[in-house]
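So you can see what is in the structure, the chains are spelled out below.
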Amino acid sequence: MAVERSGSGVGETHNFYFHSPATIMPAARRHVSPRRRTEAPRRLPSPSSPPRKLRPMSEILARAKYAVVERAEYSDIICEQCGSGERPEELLLCDKCDKGFHMRCLRPIVVRIPIGSWLCPKCSGQKPIRSFSQKKIIDFFKIQKTGDGKKKCTSNQDTRKRRRRSVSLVLLKKRRRLLPFIPSEDPKQRLKQMGTLASALTTMQMEFSDELTYSSGMAPRSANQAKFENGGMQVLSKEDMETLELCRAMSRRGECPPFIVVFDSCEGYTVEADAQIKDMTFISEYTGDVDYIRNRENDDCDSMMTLLLATNPSESLVICPDKRGNIARFINGINNHTPEGKKKLNCKCVRYSVNGECRVLLVATRDIAKGERLYYDYNGYEHEYPTHHFV
């Protein structure tokens, strides 16, 4: 019976190495005096000094980091949640307590086998969700204070609609345009919405970022060019560009989209609509660190997003929201293997060329009611993501 172990725990455990004299290579020798002139003479312990107290082993082990101890046999491992030893290929072993857990029995569900060390919920010691005051929320999101807080958010599309009364309906239905989100009118409610996002990002040890970031050692900004896309990429229209810039300006003023981040024991962090969202409403841009796909082939992050599929596969890019990101990081996927799961789909990720660079936008695909959770299909492009474990 095969049992999957998540990793060797490198970087999380203490490793002790013992070398026998036969394995040590002989070094070149040089005559050195027994004592250097800069050394102070050694003091012998006084016969009357009390003996040095040693800490008990139990105290040392309590403070020391855990070490992975491999068993000789794992055939008797069972899941601590369901008590079954079936489906051994889905059993994860905690690198601290060495107990087994089915991936689908964990809360939140684990979709893919983690790379590196993995701790069960009891051993991970997750920190409590942190609450934020108004000042901390403003500092966290770097909100720009404006004098007029009652400014109405209107897009140029509204003025165009008034000018197009004489235009035939056939021309108006050629292409649907993006709609800007409508922030909550109550400032206290907006602070609550931003506070839930700040708490989720802090718990995940992430920084807020509404932009794509290009860090040292990853892909440079020069690599993110839409002209490298295999087969070309659709260009964001001028009207949709104005909608995008309007939404970004509102977010900088603290007029955030009406969403709340909540924690679900089965799905983990997820996003709920705090007001009615119309079809084709801009939800968020997918942000994070930009890196080459080749550098992330063995990455177990379940939130990476395709950014560029280049003709040369080595130049393809992904967005990695593991250190920096925004609310798009917490919008979950749907189980696209069942008809019931597909009914949950209410938004999608679309890649556009914006000023010659690749960007990923999240857009509503139908009207979303208040209290409804947001879901999109992870399999939008070239790979078959294992969504059958999703709820």
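All values reported here derive from a predicted model rather than from experimental measurement.

### Quick notes on the sheet that holds strand β9 (residues 288-292)
Turning to step 1, where the next piece is worked out: In space, the four strands of this open sheet follow the order β5-β9-β11-β10, with mixed pairing throughout. Looking at the sheet topology across the chains shown, the edges are occupied by β5 (212-213) and β10 (305-308).

### Looking at the pattern of salt bridges
Turning to step 1, where the next piece is worked out: A full pass over the atoms with the stated rule returns 17 salt bridges.
Turning to step 2, where the next piece is worked out: Put simply, Glu239 and Arg177 hold a salt bridge, and the shortest N to O gap is 3.8 Å. Of the two residues, Glu239 sits in helix α7 (residues 238-252) while Arg177 sits in the loop between α5 (169-172) and α6 (187-203), which places them 62 residues apart along the sequence.
Turning to step 3, where the next piece is worked out: With its nearest N and O atoms 2.6 Å apart, the salt bridge here joins Arg366 to Glu372.
Turning to step 4, where the next piece is worked out: Owing to a relative accessible area of 26%, Arg366 belongs among the partly exposed residues under this scheme.
Turning to step 5, where the next piece is worked out: A relative accessible area of 22% means that Glu372 is categorised as partly exposed.

### Comments concerning the confidence of the model for the protein chain
Turning to step 1, where the next piece is worked out: Mean pLDDT over the protein chain stands at 78; residues scoring 70 or higher make up 71%.
Turning to step 2, where the next piece is worked out: Within the model, pLDDT remains below 50 along residues 1-41, and this stretch shows 45 contacts once partners closer than five positions in the same chain are excluded.
Turning to step 3, where the next piece is worked out: Taken together, the stretch residues 165-173 has pLDDT below 50 and engages in one contact with residues farther than four places along the chain or on a different chain.

### What to know about the packing of helix α3 (residues 134-141) against α6
Turning to step 1, where the next piece is worked out: The N-to-C vectors of α3 and α6 enclose an angle of 65°; their axes lie 10 Å apart at closest approach. Taken together, the axes of α3 and α6 lie roughly perpendicular to each other. Every pair of crossing elements has a handedness; the one defined by α3 and α6 is left-handed. Contact residues: Gln134, Ile137, Phe140 and Phe141 in α3; Leu191, Met194, Gly195, Leu197, Ala198, Leu201 and Thr202 in α6.

### Focus on the sheet that holds strand β8 (residues 282-285)
Turning to step 1, where the next piece is worked out: Strand order across the open sheet formed by three strands is β8-β15-β14, with antiparallel pairing between neighbours. In this open sheet, the two strands that pair with only one neighbour each are β8 and β14 (347-354). Taking the axes of each pair of neighbouring strands and ignoring which way they run, one obtains an average angle of 30° across the sheet.
Turning to step 2, where the next piece is worked out: Alignment of β8 against strand β15 (residues 357-364), held across three bridges, turns out to be antiparallel. Counterpart to Glu285 in the pairing with β15 is Leu361.

### Some points on unusual backbone geometry
Turning to step 1, where the next piece is worked out: Within the chain, Gln205 stands out as a residue other than glycine whose phi angle is a positive 55°.
Turning to step 2, where the next piece is worked out: Non-glycine residue Met280 carries a positive phi angle of around 70°.
Turning to step 3, where the next piece is worked out: Following the sequence through the fold, Met280 ends up in the loop between β7 (268-273) and β8.

### Notes on α6
Turning to step 1, where the next piece is worked out: For α6, with 17 residues, the first-to-last C-alpha span of 24 Å sits near the 24 Å given by 1.5 Å per residue.
Turning to step 2, where the next piece is worked out: All buried positions along α6 are accounted for by Arg190, Gln193, Met194, Gly195, Thr196, Leu197, Ala198, Ser199, Ala200 and Leu201.
Turning to step 3, where the next piece is worked out: Elements in contact with the buried residues of α6: α3, β4 (207-208), β6 (259-264), β7 and β12 (324-325).
Turning to step 4, where the next piece is worked out: Regarding α6, its N-cap is Asp186, as a side-chain oxygen of that residue lies 3.2 Å from the backbone nitrogen of Lys188 further along.

### Looking at the pairing of β9
Turning to step 1, where the next piece is worked out: Judged by how many residues are buried, β9 sits mostly within the fold: five of five residues are covered.
Turning to step 2, where the next piece is worked out: In this structure, β5 lies alongside β9, joined through two bridges in parallel fashion. Looking at the pairing, Thr213 lines up with Asp289 of β9.
Turning to step 3, where the next piece is worked out: Bridge count between β9 and strand β11 (residues 317-320): four bridges; the pairing is antiparallel. Residue pairing across strands places Asp291 opposite Val318, the latter belonging to β11.

### Comments concerning the packing of aromatic side chains
Turning to step 1, where the next piece is worked out: As enumerated under the stated definition, the model contains four aromatic pairs in all.
Turning to step 2, where the next piece is worked out: With 5.1 Å between their ring centres and 70° between their planes, Phe263 and Tyr269 make a pair best called edge-to-face.
Turning to step 3, where the next piece is worked out: For Tyr269, a relative accessible area of 12% gives the class buried.
Turning to step 4, where the next piece is worked out: Members of the aromatic cluster, joined through ring pairs, are Phe263, Tyr269 and Phe330.
Turning to step 5, where the next piece is worked out: For the cation-ring pair, Lys344 lies above Tyr375, with the distance from its terminal atom to the ring centre recorded as 5.2 Å.

Rules used throughout
- In this numbering scheme, every chain counts its residues from 1 along its sequence in written order.
- Restriction of local features to residues with pLDDT of at least 70 applies here, the model being predicted, together with a cutoff of 80 or more for giving and counting side-chain atom pairs; totals for whole chains, interfaces and linings are based on all residues.
- Side-chain measures here rest on the full set of heavy atoms in the structure, leaving out hydrogens and waters.
- Following DSSP output, two strands are said to pair if at least two bridges run between them.
- In DSSP terms, a helix is any run of H or I states spanning at least four residues, a strand is any run of E spanning at least two, and both are numbered starting from the N terminus.
- In what follows, salt bridge is the name for a side-chain nitrogen of Lys or Arg lying within 4 Å of a carboxyl oxygen of Asp or Glu.
- Each residue gets one of three labels from its accessible area relative to the maximum for its type: buried under 20%, exposed over 50%, partly exposed in between, using a 1.4 Å probe on protein chains only.
- Per residue, pLDDT captures the predictor's confidence, and it can take any value from 0 to 100.
- Here, residues are in contact when the closest pair of their heavy atoms is within 4.5 Å.
- Only the stretch in contact is used when a helix axis is fitted, and all axes are lines through C-alpha atoms; the angle between N-to-C directions ranges over 0 to 180 degrees.
- Any angle between 65 and 115 degrees counts as roughly perpendicular, while under 35 counts as roughly parallel, over 145 as roughly antiparallel, and the rest as oblique.
- When the near helix sits turned anticlockwise from the far one by under a right angle, the crossing is termed left-handed; a clockwise turn instead gives a right-handed crossing.
- Take the residue count of a helix, subtract one, and multiply by 1.5 Å to get its expected span.
- Contacts described as polar in this section are N or O atom pairs within 3.5 Å, which, within protein, must combine one atom able to donate a hydrogen with one able to accept it, while residues neighboring in sequence count only if both atoms come from side chains.
- Pairing of aromatic rings covers Phe, Tyr and Trp, the last counted by its six-membered ring, and requires centre-to-centre distances within 6.5 Å; plane angles under 30 degrees mean stacked, over 60 mean edge-to-face, and any other angle means tilted.
- Criterion for a charge above a ring: Lys NZ or Arg CZ within 6 Å of the ring centre, and within 35 degrees of the ring normal.

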